[in-house]
2 protein chains.
Amino acid sequence: MAIPAETFFLPPGRELSLQQQIQQMVAEAIVGGRCLPGEKMPSSRRLAEHLGVARITVTSAYNELVANEYLVARSRSGFFVAETAPAAHSYPAPPVPSAAQADWSRLIGHRFSDADPPILRPGNWRDYRYPFIYGQSDGRLFDHRNWRACALRAVGRRDFDTLASDHYERDDPMLVEFILRHILPRRGIVARPSEILVTMGGQHALWMTAQILLTQRRKAVMENPCYPGLRQILAQNRCKTHMVDVDRLGLSPEAIPGDADVVFVTPSHHAPTNATMPLHRRQALLERAARDGFVVVEDDYEFEMALFTAPSPSLKSLDRSGSVIYLGSFSKSIFPGLRLGYMVAPEPMIREARALRTLVVRHPPSHVQRTTAYFLSLGHFDAQIARMIRVYRKRRRIMEQALAAHGLIAADQQNAGGSSFWLRAPEGVDSTDLAVRLRRDSVLIEPGGAFFAAGADPARYYRLAYSSIEADRIGEGIALLARGIRTMQQEQGGGPGAG
Amino acid sequence: MAIPAETFFLPPGRELSLQQQIQQMVAEAIVGGRCLPGEKMPSSRRLAEHLGVARITVTSAYNELVANEYLVARSRSGFFVAETAPAAHSYPAPPVPSAAQADWSRLIGHRFSDADPPILRPGNWRDYRYPFIYGQSDGRLFDHRNWRACALRAVGRRDFDTLASDHYERDDPMLVEFILRHILPRRGIVARPSEILVTMGGQHALWMTAQILLTQRRKAVMENPCYPGLRQILAQNRCKTHMVDVDRLGLSPEAIPGDADVVFVTPSHHAPTNATMPLHRRQALLERAARDGFVVVEDDYEFEMALFTAPSPSLKSLDRSGSVIYLGSFSKSIFPGLRLGYMVAPEPMIREARALRTLVVRHPPSHVQRTTAYFLSLGHFDAQIARMIRVYRKRRRIMEQALAAHGLIAADQQNAGGSSFWLRAPEGVDSTDLAVRLRRDSVLIEPGGAFFAAGADPARYYRLAYSSIEADRIGEGIALLARGIRTMQQEQGGGPGAG
């Protein structure tokens, strides 16, 4: 007597094939104890009828379940739940809470959630028609076919056993070698394997740097405006902080206080204004670092996006006193969900960072490192960057024309590329209000408030990125933006101009 | 006039196919500036001769390079370096260090490298014939075929765009759902999505727990001996610590001091002795937690390896006062290089842990989460655990017989499974010396010193795991171990017995 087919229901989609849904359904029934070892499964014909699928689909699922030892096949009599099937356990009932509940507001010793800024980037940004959104990958530009081939190779038999092991504090030597031999030389950086550490993206590298270098008595200098992730890191660190307002050339070395211990800087494209620091400032900054004995943390998160000229030489390549920590990231050039970047620094610093990384997460997952190593070493990465630069150039030109046509002026034009514009709305227009209003028109912009220190927010800046929006939607999107600004001005009784 | 074939040399192996080596060689020559846009490549026939490979291999590599826009093909005249090829940059020469070098011993504010214990597990443990090594996956037991299929699906077009995005603080909903619906119920735990966080393995979860709950004024209680990773975390944290010696039933609740704030415990299989905490102690521990107001951190790192009975109910399932943080890991059940685990705790705790994780690493890489979600939801995980349990049971019985035959006695037999034995060497035999000596015989054991508090190391304990050694090598390996012990005793003029 077989288990009735009627007791089976396909689980909700979850992006699986029909065969896999059936596999999952049967596996769950066995593990959950609804089908017991030795019981006979419904015939494939019967179950296929009940579920409304082809019989071959059920047969394939059954055969897969035999291979996985959930079922056994007996010739002429059908499929049975295997005696070796993963056993069902009897579960205790969920506990009834006692009257005296633990007081977590007292138990928590350090709070981290206070630092969370409001997230103004919706998770479903892909559903918006005009996503001027920063820092997400564009699926249309990404070389998905070759990435997939590299991922496949990294989970292949040859690599698998090595990669599956716990690597403690070690990095993938193939990835390290490629970064040292091919990426760093483009930034003029010559480094040894003991001077580099693979990180879980740029955020992780910044966090480790702050943990190792800063104490409550030391002073960190940051740009204003500044990447909000860094601001949160320094707030949690409890070190002293000093903010330097950036100008059209980025951070001014003269504005750095004499007692600085660590200076965080984004010279290739200042985040978020995109200002590119000129060579004379770079040299002045390094002279100050050598003289005053501070560390420079060079966050080179997007150097590849030098759209019109070669990237300016990195601070690290000009550094003669060994004062620079260089941070690179694959978040913009590959994709952010990858969580991969690297830190280049003098050996004593890398030793501490490696120990800290081991303490906190051990190492970035090995298959992620190896997939990236293949993608880089087979030349797909360089081809990808070249393609991104071509497309970004085109989008940027369209953006410039559209912005000019509507009288919208970028707040800073003194830059060598990047993937966004930094703009200022007219007097009286709050960019957060503007961002909220534009969502109704399916337009996403990023209000600038999160980049400024508390209290220093001029409320009028916003970022418009072109890394995720198609070229042929830019014109309409900018028109809607200009209309939104005009409407807000009119509502306030202001003039109709949008400049 | 084509670029001479003789200027090309295949790079060293790096586990690539010949075609890929050629691709890489040409891509590097272009990016490095040796081949310039417009230049003609050697004919495929000529290059194939020079490299000593089949012509089709060169042609395939060239065609792939065309697809990646490094080369263009012109009919009848051959392959040329594309004008769109990733550009070569001119690099500045590496800087000459100045006399005044930065003093990193002063610049570093917090040291983490001091905490590193000596690593006694060689990276090349696979080359040893008798690896009684703990915590590494066994490639022969792992369902590599299905893992690969799941990885492929997770990098497929349908999932790719979603997974490539920056997820900020979010987890993969598919993975979370499966853990909640299918893994936690086996431990008697009922939890909502707001009560779970995906972590980068167990180490990461322990580290976050300590960061959030402990301050310099608070007291952590740990087992002695204890997982060395936890000892390092608490040493870095600078909280007060109190160690409780475990007995054959694990941690004794009576031995916990009245002013404890956080108690770290491994009740399923105590690390490293494997003692399983009986139900009466679990209940007594929870009563103490509710009465004295401390948090219990239940590290259930290996609960799946209950070889002979169903896993004992988790502390979390018995907890009525909301005092337990439950930590699970896929390091032992899938593989450690994956870096994936989870934390289940009351909502206020998960909120802080999520904010801390976001601050430090953002999130575990999305494709890793999704691959695991598929592996779990298609039933491969349960099949894998069932297979591991069968094999471990067999290995364990062989171990028991071999140990008994040589008069070697496990220090604790009071347990429900795990993947190792905890042993004590005879009087006068130092287990670190023993481990070093056994390497000559290709035997790897793990000396127990790292598990004990400094000064408290009895120097005689060691761990013998059966998770990575083949059943038919166990007998020989144990015989070599027994011989090593006898030799050391004889050298010291001790008796010949090995008990």
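Residues numbered from 1 in each chain as written. Chains lettered and ligands numbered in written order. Predicted model: local features only at pLDDT ≥ 70, side-chain atom pairs only at ≥ 80, totals over all residues. Heavy atoms only, no water.

As a reminder of what qualifies: UniProt positions are given in the numbering used here, feature names are shortened, and annotations may be inferred rather than shown by experiment.
Looking at an unreviewed UniProt entry, chain A carries the name PLP-dependent aminotransferase family protein, with the source organism given as Mangrovicoccus algicola. Taken verbatim from the UniProt record of chain A, the Sequence similarities (unreviewed entry) comment is "In the C-terminal section; belongs to the class-I pyridoxal-phosphate-dependent aminotransferase family."

## Section: the packing of helix H8 (residues 201-213) of chain B against helix H9 (residues 228-237) of chain B
All names here are of chain B. Basically, it comes down to this: Lines are fitted to the C-alpha atoms to define the axes, a helix being fitted only along its stretch in contact, and any angle between axes, read from their N-to-C directions, falls within 0 to 180 degrees. Numbering of helices and strands runs from the N terminus, with a helix taken as a DSSP run of H or I at least four residues long and a strand as a DSSP run of E at least two residues long. These descriptions rest on fixed angle ranges, namely under 35 degrees for roughly parallel, over 145 for roughly antiparallel, 65 to 115 for roughly perpendicular, and the rest for oblique. Here a crossing is called left-handed whenever its near helix is offset anticlockwise from the far helix by less than a right angle, and right-handed whenever the offset is clockwise. Throughout, a contact is declared for two residues whenever any of their heavy atoms are within 4.5 Å. Charged means Asp, Glu, Lys or Arg here, nonpolar means Ala, Val, Leu, Ile, Met, Phe, Trp, Tyr, Cys or Pro, and polar covers whatever is left, Gly included.
In the contact formed by H8 and H9, the axes pass within 10 Å of each other and the chain directions differ by 30°. Judged on the interaxial angle alone, H9 and H8 are roughly parallel. H9 is crossed by H8, and the crossing has right-handed handedness. The residues of H9 that touch H8, namely those facing Gln203, Leu206, Trp207, Ala210 and Gln211, are Gly229, Leu230, Ile233, Leu234 and Asn237. Looking at the contact of H8 with H9 residue by residue, the class counts come to six nonpolar, four polar and no charged.

## Topic: the environment of Ile478 of chain A
Residue and element names in this part refer to chain A. Formally: Only protein chains enter the accessibility calculation, which uses a 1.4 Å probe; a residue is then buried when its area is under 20% of its type maximum, exposed when over 50%, and partly exposed in between.
Along the chain, Ile478 falls in helix H16 (residues 471-491). Relative accessible area serves as the criterion here: at 0%, Ile478 is assigned to the buried category. Expressed as a C-alpha distance, the spacing of Ile478 and Arg440, which sit 38 residues apart in the sequence, is 14 Å. Those residues in contact with Ile478, other than ones at most four positions away along the chain, are Phe132, Met399, Ala402, Leu403, His406, Leu408 and Leu464.

## Focus: the interface of chain A and chain B
Convention followed: Criterion for a salt bridge: a side-chain nitrogen of Lys or Arg within 4 Å of a carboxyl oxygen of Asp or Glu. Any pair of N or O atoms that falls within 3.5 Å is considered a polar contact. Within protein, one atom must be able to donate a hydrogen and the other to accept it, and sequence-neighbouring residues count only if both atoms are side-chain atoms.
Taken together, the contacts link 138 residues of chain A with 139 residues of chain B. Linking chain A with chain B are six salt bridges. Here chain A is connected to chain B by 50 residue pairs in polar contact (both at pLDDT 80 or more). The greatest single-element share of the side of chain A that touches chain B, amounting to nine residues, is contributed by helix H12 (residues 347-360) of chain A. Counted by class, the side of chain A that touches chain B contains 61 nonpolar, 42 polar and 35 charged residues.

## Section: the relation of the copies chain A and chain B
As a reminder, the rule being used: When the copies are superposed, the least-squares fit takes in the C-alpha atoms of residues with a pLDDT of at least 70 in both.
By a simple turn and slide, chain A fits onto chain B: the slide is 0.0 Å along the axis, the RMSD is 0.1 Å, and the turn is 180°. Taken together, the turn and the small shift mark the pair as related by a two-fold rotation axis. Within chain A, the C-alpha atom positioned nearest to the axis of rotation is that of Leu152 of chain A, 3.3 Å from it. Both copies present the same face, since 100% of the interface residues in chain A are matched by interface residues at the equivalent positions in chain B.

## Topic: the packing of aromatic side chains
Inclusion rule: In this scheme Phe, Tyr and Trp rings, the latter by its six-membered ring, pair at centre separations within 6.5 Å, and the angle between planes marks the pair as stacked below 30 degrees, edge-to-face above 60, and tilted otherwise. Note on geometry: a ring has a charge over it if NZ (lysine) or CZ (arginine) is within 6 Å of the ring centre and within 35 degrees of the ring normal.
Tallied over the entire structure, the rule returns 33 aromatic pairs over all chains. Ring centres 5.8 Å apart and planes at 85° place the aromatic pair Phe330 of chain B and Phe381 of chain B in the edge-to-face group. In this pair, Phe330 of chain B sits in the loop between strand S9 (324-329) and strand S10 (341-344) while Phe381 of chain B sits in helix H14 (residues 380-405), placing the two residues 51 residues apart along the sequence. Here Phe330 of chain B matches Phe381 of chain B in class, with each residue buried. Judged by centre distance (6.2 Å) and plane angle (35°), the ring pair of Trp422 of chain B and Phe452 of chain B falls under tilted. Taken as a pair, Trp422 of chain B in strand S11 (residues 420-424) and Phe452 of chain B in the loop between strand S13 (446-447) and strand S14 (461-465) lie far apart in primary sequence, 30 residues in all. The buried category is assigned to Phe452 of chain B, whose relative accessible area is 9%. Pairwise contacts between aromatic rings join Phe142, Trp147, Phe335 and Phe375 of chain A together with Phe160 of chain B into one cluster. Lying over the aromatic face of Tyr134 of chain A, Arg463 of chain A brings its terminal NZ or CZ to 3.7 Å of the ring centre.

## Some points on the environment of Arg387 of chain A
Structurally, Arg387 of chain A is set in helix H14 (residues 380-405). On the basis of relative accessibility, which here comes to 15%, the residue Arg387 of chain A falls in the buried class. In sequence terms Arg387 of chain A and Phe142 of chain A are 245 residues apart; their C-alpha atoms lie 8.9 Å from each other. The residues contacting Arg387 of chain A, other than those within four sequence positions of it, are Leu141 and Asp143 of chain A together with Glu69 of chain B.

## Looking at the sheet that holds S11 of chain B
Residue and element names in this part refer to chain B. Threshold: In this analysis, strands are considered paired if DSSP registers two or more bridges between them.
Strand order in the open sheet formed by three strands is S11-S14-S13, and the pairing between neighbours is antiparallel. The sheet is open, and its two borders are formed by S11 and S13, each paired with just one other strand. Judged from the two bridges that link them, S13 and S14 form a sheet pairing that is antiparallel. Note on S14: the bridge partner recorded for Pro447 is Tyr462.

## As for the side chain of Ser268 of chain B
Residues and elements named next belong to chain B. For Ser268, the position within the fold is in the loop between strand S7 (262-265) and helix H10 (279-292). The class for Ser268 is buried, based on a relative accessible area of 6%. Side-chain polar atoms of Ser268 contact the side chain of Asp300, separated by 2.5 Å. Apart from the residues lying within four places of it in its own chain, the contact partners of Ser268 are Arg187, Ala275, Thr276, Arg282, Asp300 and Phe303.

## Comments concerning the pattern of salt bridges
Tallied over the entire structure, the rule returns 51 salt bridges over all chains. Glu177 of chain A is the salt-bridge partner of Arg181 of chain A, the closest N and O atoms lying 2.9 Å from each other. Remark: Glu177 of chain A and Arg181 of chain A occur in helix H7 (residues 173-183); sequence separation between them is four residues, near one turn of the helix. Note on Glu177 of chain A: relative accessible area 29%, which makes it partly exposed. The shortest N-O distance in the salt bridge between Arg437 of chain B and Glu491 of chain B comes to 2.8 Å. Of this pair, Arg437 of chain B sits in helix H15 (residues 431-439) while Glu491 of chain B sits in helix H16 (residues 471-491), placing them 54 residues apart in sequence. The class of Arg437 of chain B is buried, set by a relative accessible area of 17%. Through salt bridges with shared partners, one network takes in Asp138, Arg140, Arg395 and Glu470 of chain A.

## Concerning the packing of helix H1 (residues 18-31) of chain A against helix H3 (residues 55-67) of chain A
Residues and elements named next belong to chain A. For the pair H1 and H3, the least separation of the axes is 9 Å and the interaxial angle reads 50°. On the basis of the axis angle, H1 is oblique to H3. As for how H1 packs across H3, the hand of that crossing is right-handed. Seen from H1, the contacting residues are Leu18, Gln19, Ile22, Gln23, Val26 and Ala27; seen from H3, they are Thr57, Val58, Ser60, Ala61, Glu64 and Leu65. Grouping the constituent residues of the contact of H1 with H3 by class yields seven nonpolar, four polar and one charged.

## What to know about the domain arrangement of chain A
All names here are of chain A. Counted only if it meets this: Domain start and end points were adopted from an automatic or database domain assignment. Here the buried area means the combined drop in accessible surface, using a 1.4 Å probe, for two parts upon being joined, counting both sides.
Segmenting chain A into domains produces domain 1 (5-81), domain 2 (119-135 + 382-491) and domain 3 (144-378). Taking the mean C-alpha position of each, domain 2 and domain 3 sit 26 Å from one another. With 30 residues of domain 2 at the interface, the matching set in domain 3 holds 29 residues. For the pair domain 2 and domain 3, the two sides together bury roughly 2600 Å², of which 56% comes from carbon and sulfur. Between Asp382 and Arg186 there is a salt bridge; the shortest N-O distance is 2.3 Å.

## Description of the pairing of strand S14 (residues 461-465) of chain A
Residues and elements named next belong to chain A. Counting buried positions over the five residues of S14 gives five, a clear majority of the element. In terms of strand pairing, strand S11 (residues 420-424) meets S14 through five bridges, oriented antiparallel. Looking at the pairing, Trp422 lines up with Arg463 of S14.

## Here we look at helix H6 (residues 157-164) of chain A
Stated precisely, the cut-off is as follows: Arc definition: directions from the helix axis to the C-beta atoms.
When we look at burial in H6 of chain A, the residues that qualify are Asp159, Phe160, Leu163 and Ala164 of chain A. Projected down its long axis, H6 of chain A shows its buried positions confined to an angular sector of 115°, all on one face. Looking at the buried side of H6 of chain A, the elements it contacts are helix H5 (144-154) and helix H13 (366-377) of chain A together with helix H5 (144-154) of chain B.

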